[in-house]
Amino acid sequence: MLDSTRPGLRPRIAPAGLMFLAITSIGWGFNWPVTKFLLAELPPLTLRGVTGVLGALLLAALAVIGRQSLKVEPAIWPRLITAAALNVTGWMVLMGLALLWLPASEAALIAYTMPVWASLIAWPVLGERPTVLRTLGLVMAFIGLGSIMGGNGIAASTEKLPGIVMALCGAIGFAVGTVVSKKYPIHLPPLTAAAWQIGIGCLPISIVGLLVETTDLSLVTPVGWWLLVYSTVVQFCIAYVSWFAALARLPASVAAIGTMAVPVIGVVASALALGEPLGPGQIAALIFTMAAVVLATR
């Protein structure tokens, strides 16, 4: 375990923490091409909302098994709802819709500019003045976005613009939620907090999706059903549980930088599984985006 309470000692990185971080990165990374595949068989709001609600129920069950109380004090509800709206509802809706215009690899790269935006938002909200490295990281993030937009010509970029805007808004919204949660922390056990946030955030998405979208389950292939299980169980349960376990064993900076493996896995997996392009534009975007996040988290 990590012992950072003793002065003068550098925090020790537990091997178990790195293992849990790897499980998280793999689970979330592979979910990008999984979601892109499922969008060909299910509408976006229903897909994201229903799997999220099911994942929240599974997390709640895990919390009960782990003897974590699901009780929420009245004073915590405003913070919980705000975090759910920013970190779950906005993220799920915007990223799900962005995948209708963008390849999964490019959506993943834009999504994981989150630490860059968080470092900027933390300045006025938390008083954390951005360093030279973080400013440089912001510039590199914009270069990465430019590589995505210009990689296949102006015409292709215009077609992708709605997806780019949605993915960028989702990333910024998640960054706002992260900073707000840091300023006004939610004092709940980890599994309980995750279960409530995912449940509250995904329930309205699933209701709207079931009301306005046409869902034909007969169109879901056997592969699609297995991927639905993956999206529900692995993304929302195993990956989240592993993430909390990693945070308990690793310095926060190490855990944050470790999530950079998510878009890398997403880009490579999308190229292999979906045949998405992995040319100079995508590689340049990958390099600049990852470098930006490294600088932003230092």
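A brief report on the enclosed structure follows. Every value quoted in this text rests on a predicted model; they were computed, and no experiment measured them.

## Points about the packing of helix H4 (residues 104-111) against helix H11 (residues 261-274)
Contact geometry for H4 and H11: axes closest at 8 Å, N-to-C directions at 170°. Classified by the angle between their axes, H4 and H11 sit roughly antiparallel to one another. Residues Ala 104, Ser 105, Ala 108 and Leu 109 of H4 form the contact with H11, whose participating residues are Pro 263, Gly 266, Val 267 and Ser 270. Split into classes, the residues belonging to the contact of H4 with H11 amount to 5 nonpolar, 3 polar and no charged.

## Structural notes on the nonpolar core
Burial of nonpolar side chains together is a common tendency in soluble globular proteins. Counting 53 residues, the largest nonpolar core has Trp 32, Leu 59, Trp 91, Met 92, Met 95 and Tyr 112 as the members making the most contacts within it. For this core, the secondary-structure elements that each account for two or more residues are helix H1 (15-38), helix H2 (44-65), helix H3 (77-98), H4, helix H5 (114-126), helix H7 (154-183), helix H8 (190-212) and helix H9 (222-249). Here this core gets 9 residues from one element, more than from any other, and that element is H9. Look past the residues within four positions of Met 92 in its chain and what remains in contact with it is Arg 48, Cys 202, Ile 205, Gln 235 and Phe 236. Counting residues in hydrophobic clusters, the runner-up holds 7 residues, among them Val 72, Leu 80, Ala 83 and Ile 186.

## Points about the packing of aromatic side chains
Remark: the centre distance and the inter-plane angle together describe each pair of aromatic rings, the angle taken between the planes. Under the defined criterion, the tally for this structure stands at 3 aromatic pairs. Aromatic pair Trp 32 and Trp 91: ring centres 6.5 Å apart, planes at 75°, arrangement edge-to-face. Of this pair, Trp 32 sits in helix H1 while Trp 91 sits in helix H3, and the two are 59 residues apart along the sequence. The residues Trp 32 and Trp 91 share a single accessibility class, namely buried. A ring pair is formed by Trp 77 and Trp 196, whose centres lie 5.1 Å apart and whose planes are at 80°; its orientation type is edge-to-face. Taken as a pair, Trp 77 in helix H3 and Trp 196 in helix H8 lie far apart in primary sequence, 119 residues in all. Among the aromatic residues, those joined into a cluster by ring pairs are Trp 32, Trp 91 and Phe 174.

Parameters and conventions
- Residues numbered from 1 in each chain as written.
- Predicted model: local features only at pLDDT ≥ 70, side-chain atom pairs only at ≥ 80, totals over all residues.
- Heavy atoms only, no water.
- Axes fitted to C-alpha atoms, helices over the stretch in contact; angles between N-to-C directions.
- Helix = DSSP H or I, 4+ residues; strand = E, 2+ residues; numbered from the N terminus.
- Parallel < 35°, antiparallel > 145°, perpendicular 65-115°, else oblique.
- Contact = heavy atoms within 4.5 Å.
- Nonpolar A, V, L, I, M, F, W, Y, C, P; charged D, E, K, R; others polar.
- Core = buried A, V, L, I, M, F, W, Y, C linked by side-chain atoms within 4.5 Å.
- Buried < 20%, exposed > 50% of the residue type's maximum accessible area, 1.4 Å probe, protein only.
- Phe/Tyr/Trp six-rings, centres within 6.5 Å; stacked < 30°, edge-to-face > 60°.

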